[in-house]
Amino acid sequence: MHKALKMGMLSVLLAGSLLSVAPAALADGGTTHRVTGKSFAAGALSLIIWPGIGQAVNGTPGDKVATHAVIGLLPPFRFWSGWDALVNRTGGYWHGRI
């Protein structure tokens, strides 16, 4: 129980650190829209279920959805994909895929 609590606290600390830096770092290279109920649900789906689902819910092109689904296999990019879907960011780097 004590070890599980430590791991949980470490995970929360790591996620909080990553999310506090990610919005400013990801704002460049794309257009951010308002957060709506739909984009909030898309961000949650992309973070919890699978990266790329949130982009599909937001209606972004298929290339971006596929790129997020593949790159999202790496744990740090799951948070990035969730943020990208939450703010419904269009465009971005690598011909609008990231």
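Structure shown above.
In what follows, the accompanying structure is described. (Residues numbered from 1 in each chain as written. Predicted model: local features only at pLDDT ≥ 70, side-chain atom pairs only at ≥ 80, totals over all residues. Heavy atoms only, no water.)

## Things to note about the packing of helix H4 (residues 62–71) against helix H5 (residues 75–86)
Argument step 1. Taken N-terminus to C-terminus, the directions of H4 and H5 make an angle of 150 degrees; their axes are 9 Å apart at the nearest point. As the angle between them shows, H4 and H5 are arranged roughly antiparallel. Here Lys-64, His-68 and Ile-71 of H4 come into contact with H5, specifically with Phe-77, Trp-80, Ser-81 and Asp-84.
Argument step 2. For the contact of H4 with H5, the residue count by class is three nonpolar, two polar and two charged. (Axes fitted to C-alpha atoms, helices over the stretch in contact; angles between N-to-C directions. Helix = DSSP H or I, 4+ residues; strand = E, 2+ residues; numbered from the N terminus. Parallel < 35°, antiparallel > 145°, perpendicular 65-115°, else oblique. Contact = heavy atoms within 4.5 Å. Nonpolar A, V, L, I, M, F, W, Y, C, P; charged D, E, K, R; others polar.)

## What to know about the packing of helix H2 (residues 37–48) against H5
Each packed pair of helices is defined by two parameters, the angle between the axes and the distance between the axes.
Argument step 1. One can describe the packing of H2 onto H5 by two numbers: an axis separation of 7 Å at closest approach and a directional angle of 170 degrees. Regarding the angle of H2 to H5, the classification is roughly antiparallel. In this structure, H2 meets H5 at a crossing whose hand is right-handed. Here H2 contributes Ser-39, Phe-40, Ala-42, Gly-43, Ser-46, Leu-47 and Ile-48 to the contact with H5, which in turn contributes Arg-78, Phe-79, Ser-81, Gly-82, Ala-85 and Leu-86. (Left-handed = near helix turned anticlockwise from the far one by under 90°.)

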